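Descriptive analysis of the structure
Listed here are the chains, written in short residue letters.
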Amino acid sequence: MFRTALRNVLAHKARLLMTVLAVTLGVAFVSGTLIFTDTLSKALSGQSAKSYDGVAVSVTSYGQGRNEEGQKEGDPGISRETLDKVKAVKGVDSVSGRVSGFAGVGDEDGKLIGSGWANKGSNYAPVKDGKDPRYTFTGGTGPTKDDQIALDKETAAKGRYEVGDKVRVATNGPVREFALTGVFTTEDGAVNAGGSLVLFDTKVAQELYLQPDFYDELSIAAKAGTSADRLLADVKPLLAKNAKAQTGVALAAEEAENIKKQMSGMSTMLLAFAGISLFVGVFLIYNTFTMLVTQRTKELALLRAVGANRGQVMRSVLAEALVVGALSAAIGLVSGIGLAAGMRSLMDSIGAKIPGGELVIAPGTIVAALVIGIVVTVVAALLPAWRTGRIAPVAAMGSAHLPASAKSLVLRNVLGCVISALGIGVVFLGVSMKSDGRMIIGGGAFFMLLGMIVLLPLLSKPVIASVRPALQKVFGVPGKLAAQNAVRNPRRTAVTAASLAIGLTLVTTMSVLGVTMGKAVDRMSTDKLKADYKVTMSGGIGSLDRTVADTLAGTPGVEAVSAQAEGFFKVGESFRSASGVNPATIGRLLNIEVTSGSLDSLVKGEVAVAESTAKEQKLTAGSTLDVKFDDGRKGTLKVGAVYKDLEGLLSPYVLDNKILAQHSEDQYIREVYVNTTGGETKANHQAVVDALGKNPAMSVATQQDMRNEMGGMVNTALNIMYGLLGMALIISVLGVVNTLAMSVFERTQEIGMLRAIGLDRSRVKNMIRLEAVVISLFGAVLGVAIGVFLAWAVGTTLTKSVPNYELVMPYDRIGIFLLLAAVVGVLAAMWPARSAARLNMLTAIKTE
């Protein structure tokens, strides 16, 4: 029977081609993901380990802690005295003190080189031989004076800087100019992530990022013959409780584990989309084997007649699936290796440098590819194989195909209704739970899709029948025949349409949510933000210096300025976030809708409270609030105003920043709002940029820039989703091609008869094309409808966390989706339509 199965695969290789392609694509997605993440994880772990070469023990400071009263205690870092004590430990060869923070360098046009989050500054820490072991200089030397720096090779090349040039360096304060003394290479992760690294003299770095004579970490090298474990035991007693010591090997292993966890998150996301592609592929495989079994009814009956029992016939079909699955898995694995190599090249091309090394093809990846390919194919073929055992030899020899019985269709429809009702009910349950119901909605969506798949044969007849008159009126006889053919076999139509429906359900849900979120942010910028400009650190990383607001306030043409400083205080047993603002100007920069009291009360040192927080704590204008500030000091604040929540713009408590600043040494200033005389103009924008010293690390955004930034983020996220779901849609297209091709083969005699009674080749082609378009649009319309419903459901859980949230229907995108579905139908029908039109009518009529 296995030889019979193998001969059948070879005999029907053209019909199985689409199945092989579908499984291959899914397996390639899975294996490519595993290979790429394994390769990336190994490369980054190796790079991390290399950066700790020569480090026997590493000491890291967690900075100042807080006591039970909330007051800071302990040193801000590792003191110079501690470093000297460590140096004196027996077996220590050298000790390097490190300190780091943000530093950005501009190019020739003054634009920041690298991405803000990966732009780093540190200190040059030479040891006994006068060299810093972490860096290899390709030109010049490390900085030794307070007006000198060194740059990593990539940054120097991008900025066209050479040793001896003057370089403007930005931190979170005013731009400073330094002399470039050297260019180096490094294994630092920030640089390899596409960022930059600036090395300062140690004294300058400490003043910028910490405090004089304090370090963030120590790197300790051991003398020959001294073990890292022994050194670790001797160093630990010298450290404060806010410092942690590890061996270099242990630290490298810890970072490798962290990298592995990060890669796991990426891998899980990619594998989820690969799973969607494989799930869609199941429908194609099921359809293929169902049609093959139907078309080979006589052949299978003959096997039964010569002695094969039901189990042998069933196993022969499963053996065919096994062969197809194994072949597809092998091709998919090879394709996955190519996909992983392509993803790696893509990462390099967008500036995210990946350390060199070979692709990692783990044994587990090979096993996973083979198992997935075989299991998915065999499972999808189970039901068609089971049906072969039900074919009676005599009935099959007489070409009596066995359509689904009325009883089985009724049972299917009842089951579909129950599952769909369950899914809808679970979705509404999630909606009623608001922000806590998103996972519930996800579960309901699964049951809804499952119910839809089961009900599709029932839905196909009335839905397609409703468009039959229009098709007949516009396209004549081919249109009428196409509509009839589309519902001739409701199960086949349902399975083909289901793959498209699943893909478009996900795409539509993401699109509606993405566009709605973008519009909500746009309304927030338009309705709530009155400032002409918003100043932040580039990339939104890091705090602005306290001097920024004062500098802008003294700039000619600037009418109003307010920093938005983040702080906190303790109310009862809970820590609460607060916004420190300029009370005299904040009302001119943000549209704060006061429900009781007055915003002018902020000038008197009173506090404004968001409406939801006021209700929660039963506060009104005139109430008092006992608080404990960041430094542990207690105070009583009077509530001067209650305002409608401005999530994303203001914290639940707003007060004069002078009050917050008195209780915090290192305030985090997220942004500064600015109004200028004459509003937004090119000249005013340039005046603000100039006032900041043309700082490349600071961004001066207009209201339109803010809208574009959020819109760009939403569009980028949607494009990624479209790309990842593209594989599922490609498999859906293959499903339509496969169904039509095999349907044409099945209807060879019928097409010959149509040709004989006057249907010419062009109208035969139109009939096949229209059939494909009808099936594609049927799946697309259902997918879009369910996607819109799920987007509404998820959106109801976002109303509290996203201000101004209101469902927006992206009719243009939905129209494009439906148009693309129709185009998919036309393209999918090209080969089957051509094959049908080229049939010789006499030969076709004689075909059994």
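Since the structure is predicted, the reported quantities are computational estimates derived from the model, not experimental observations. (Residues numbered from 1 in each chain as written. Predicted model: local features only at pLDDT ≥ 70, side-chain atom pairs only at ≥ 80, totals over all residues. Heavy atoms only, no water.)

**A closer look at the overall build of the protein chain**
Each helix and strand in the protein chain was counted, giving 27 helices and 26 strands. Based on the C-alpha atoms only, the size of the protein chain along its principal axes is roughly 95 × 75 × 50 Å. Out of the 848 residues in the protein chain, the part that is buried amounts to 50%. The contacts of the protein chain with a sequence gap of at least 6 include a subset with a gap of at least 24, amounting to 80%. (Helix = DSSP H or I, 4+ residues; strand = E, 2+ residues; numbered from the N terminus. Buried < 20%, exposed > 50% of the residue type's maximum accessible area, 1.4 Å probe, protein only. Contact = heavy atoms within 4.5 Å.)

**Quick notes on helix α25 (residues 811–828)**
It helps to recall that an α-helix has 3.6 residues per turn; residues three or four apart then point in one direction. Between its first and last C-alpha, α25 extends 25 Å over 18 residues, near the 26 Å set by a 1.5 Å rise per residue. Regarding α25, the residues found buried are Ile814, Phe817, Ala821, Ala822, Val824, Gly825 and Ala828. One side of α25 carries all its buried residues, which in axial view fall inside an arc of 150°. For α25, exposure combined with an orientation more than 90 degrees from the buried face picks out Asp812, Leu819 and Leu827. (Expected span 1.5 Å × (residues − 1). Arc of directions from axis to C-beta.)

**What about the side chain of serine 96?**
Assignment of secondary structure puts serine 96 in strand β5 (residues 92–98). Assessed through its relative accessible area of 4%, serine 96 is described here as buried.

**Some thoughts on the pattern of salt bridges**
Here the structure, examined in full by the defined rule, presents twelve salt bridges. The salt bridge partner of arginine 80 is aspartate 84, with a shortest N-O separation of 3.5 Å. Here arginine 80 and its partner aspartate 84 are both found in helix α3 (residues 80–87), four residues apart, which amounts to about one turn of the helix. With a relative accessible area of 31%, arginine 80 lands in the partly exposed category. With relative accessibility at 35%, the residue aspartate 84 sits in the partly exposed group. Here arginine 763 makes a salt bridge to aspartate 760, at a shortest N to O gap of 3.8 Å. On the basis of relative accessible area, arginine 763 is assigned to the partly exposed category, the value being 33%. Aspartate 760 gets classed as partly exposed once you look at its relative accessible area, which sits at 36%. (Salt bridge = Lys/Arg side-chain N within 4 Å of Asp/Glu carboxyl O.)

**Let's talk about the sheet that holds strand β16 (residues 243–247)**
The strand order across the open sheet formed by four strands is β5-β15-β1-β16, and the pairing between neighbours is antiparallel. A strand with exactly one partner marks an edge of an open sheet, and here the two such strands are β5 and β16. Each strand of the sheet is rotated relative to its neighbour by a mean of 15°, with strand direction disregarded. In terms of strand pairing, strand β1 (residues 57–61) meets β16 through five bridges, oriented antiparallel. Bridge pairing in β16 places serine 58 opposite glutamine 246. (Pairing = 2+ DSSP bridges. Axes fitted to C-alpha atoms, helices over the stretch in contact; angles between N-to-C directions.)

**What about the packing of helix α14 (residues 438–475) against helix α24 (residues 761–796)?**
Two elements in contact, α14 and α24, have axes whose closest approach is 8 Å; the angle formed by their N-to-C orientations is 140°. On the basis of their axis angle, the class for α14 and α24 is oblique. Considering only the axes of α14 and α24, their crossing is right-handed. From α14, Ile441, Ala445, Met448, Leu449, Met452, Leu456, Leu459, Ser460, Val463, Ile464, Leu471 and Phe475 reach across to α24, where they touch Leu770, Val774, Phe778, Leu782, Ile786, Phe789, Leu790, Ala793 and Val794. Of the residues that constitute the contact of α14 with α24, the class distribution is 20 nonpolar, one polar and no charged. (Parallel < 35°, antiparallel > 145°, perpendicular 65-115°, else oblique. Left-handed = near helix turned anticlockwise from the far one by under 90°. Nonpolar A, V, L, I, M, F, W, Y, C, P; charged D, E, K, R; others polar.)

**Notes on the packing of aromatic side chains**
Under the counting rule described, the total for this entry stands at twelve aromatic pairs. Taken together, a centroid distance of 5.7 Å and an interplanar angle of 85° make the contact between tyrosine 124 and phenylalanine 137 edge-to-face. Of this pair, tyrosine 124 sits in strand β8 (residues 119–124) while phenylalanine 137 sits in strand β9 (residues 136–140), and the two are 13 residues apart along the sequence. For the pair phenylalanine 446 and phenylalanine 447, a centre-to-centre distance of 5.5 Å together with 75° between the ring planes defines the contact as edge-to-face. (Phe/Tyr/Trp six-rings, centres within 6.5 Å; stacked < 30°, edge-to-face > 60°.)

**Section: the pairing of strand β18 (residues 558–571)**
By the criterion of burial, β18 is predominantly enclosed, with ten of the 14 residues buried. Bridging between β18 and strand β25 (residues 668–676) involves eight bridges; their strand directions are antiparallel. The partner of serine 562 across the bridge, within β25, is tyrosine 673. With seven bridges connecting them, β18 and strand β19 (residues 574–581) associate as antiparallel partners. Following the sheet pairing, glutamate 566 is matched in β19 by serine 579. Between β18 and β19, which pair antiparallel in sequence order, lie two residues; one of them, glycine 572, sits at a positive phi of approximately 65°. Note that β18 and strand β22 (residues 624–628) share two bridges and pair antiparallel. Residue lysine 570 lies in a different strand from β22, and its bridge partner there is lysine 628.

**So, the nonpolar core**
Most often, soluble globular proteins have nonpolar side chains that are buried together. Val427, Met452, Leu456 and Ile768 are the most contacted members of the largest nonpolar core, which totals 55 residues. Listed in part, the 31 residues of the second largest apolar core include Leu278, Phe289, Leu303 and Ala780. (Core = buried A, V, L, I, M, F, W, Y, C linked by side-chain atoms within 4.5 Å.)

**Examining the pairing of β1**
Regular strands place their side chains on alternate faces of the sheet. Counting buried residues in β1 gives four out of five residues, a clear majority hidden from the surface. Looking at chain direction, β1 and strand β15 (residues 217–222) are connected through four bridges and run antiparallel. Bridging across to β15, valine 57 finds its partner in isoleucine 220.

**Concerning the environment of glycine 640**
By secondary structure assignment, the location of glycine 640 is in strand β23 (residues 634–643). Residue classification places glycine 640 among the buried positions, given a relative accessible area of 10%. Considered as a pair, glycine 640 and serine 651 are eleven residues apart in the sequence and their alpha carbons are 16 Å apart. Residues within four places of glycine 640 in sequence aside, it is in contact with Ser596, Gly597, Ser598, Ser601, Glu606, Val607 and Ala621.

**Observations regarding the environment of lysine 461**
Within the secondary structure, lysine 461 is located in helix α14. Once the C-alpha coordinates of lysine 461 and glycine 182 are considered, the two residues, 279 residues apart in sequence, prove to be 75 Å apart.

**Quick look at unusual backbone geometry**
Backbone geometry at aspartate 213 places phi at a positive 70°, although glycine is not the residue there. Of note, aspartate 213 is situated in the loop between α6 (202–209) and β14 (214–215). In this structure, lysine 618 takes a positive phi of about 55° despite not being glycine. Mapped onto the elements, lysine 618 comes out in the loop between α19 (611–617) and β22.

**Section: a nonpolar patch on the surface**
A cluster of nonpolar side chains, contributed by Val367, Val371, Val375, Val379 and Leu382, occupies part of the molecular surface with about 400 Å² of accessible area. Mapped onto the fold, leucine 382 is located in helix α11 (residues 363–388). (Patch = residues over 30% accessible without salt bridge, like charges linked within 9 Å, V, L, I, M, F, W, Y side chains within 5 Å. Areas by Shrake-Rupley, 256 points an atom, 1.4 Å probe, with all protein chains shown as cover.)

**Examining the side chain of serine 562**
In this fold, serine 562 is placed in strand β18. Judged by its relative accessible area of 1%, serine 562 is buried. Within the structure, the side chain of serine 562 is placed 2.9 Å from the backbone nitrogen of asparagine 582, a separation counted as a polar contact. In this structure serine 562 touches Val581, Asn582, Thr585, Ile586, Leu589, Glu671, Val672 and Tyr673, once residues within four positions along its chain are discounted. (Polar contact = N/O pair within 3.5 Å; in protein donor to acceptor, adjacent residues only side chain to side chain.)

**Here's the deal with the confidence of the model for the protein chain**
Mean pLDDT for the protein chain: 83, with 90% of residues reaching 70 or above. Model confidence for the protein chain, summarised as mean pLDDT per element, is weakest for helix α12 (residues 393–397) at 57 and strongest for strand β10 (residues 148–152) at 95. (pLDDT = per-residue confidence, 0-100.)

**Here's the deal with the packing of α14 against helix α15 (residues 477–486)**
The interhelical angle for the contact between α14 and α15, taken along N-to-C directions, is 160°, at an axis separation of 6 Å. In terms of their interaxial angle, α14 and α15 are classed as roughly antiparallel. Along this stretch, α14 crosses α15, giving a crossing that reads as right-handed. Within the contact between the two elements, α14 uses Ile464, Arg468, Leu471, Gln472 and Phe475 and α15 uses Val477, Pro478, Gly479, Lys480, Ala483, Gln484 and Ala486. Residues belonging to the contact of α14 with α15 are distributed by class as follows: seven nonpolar, three polar and two charged.

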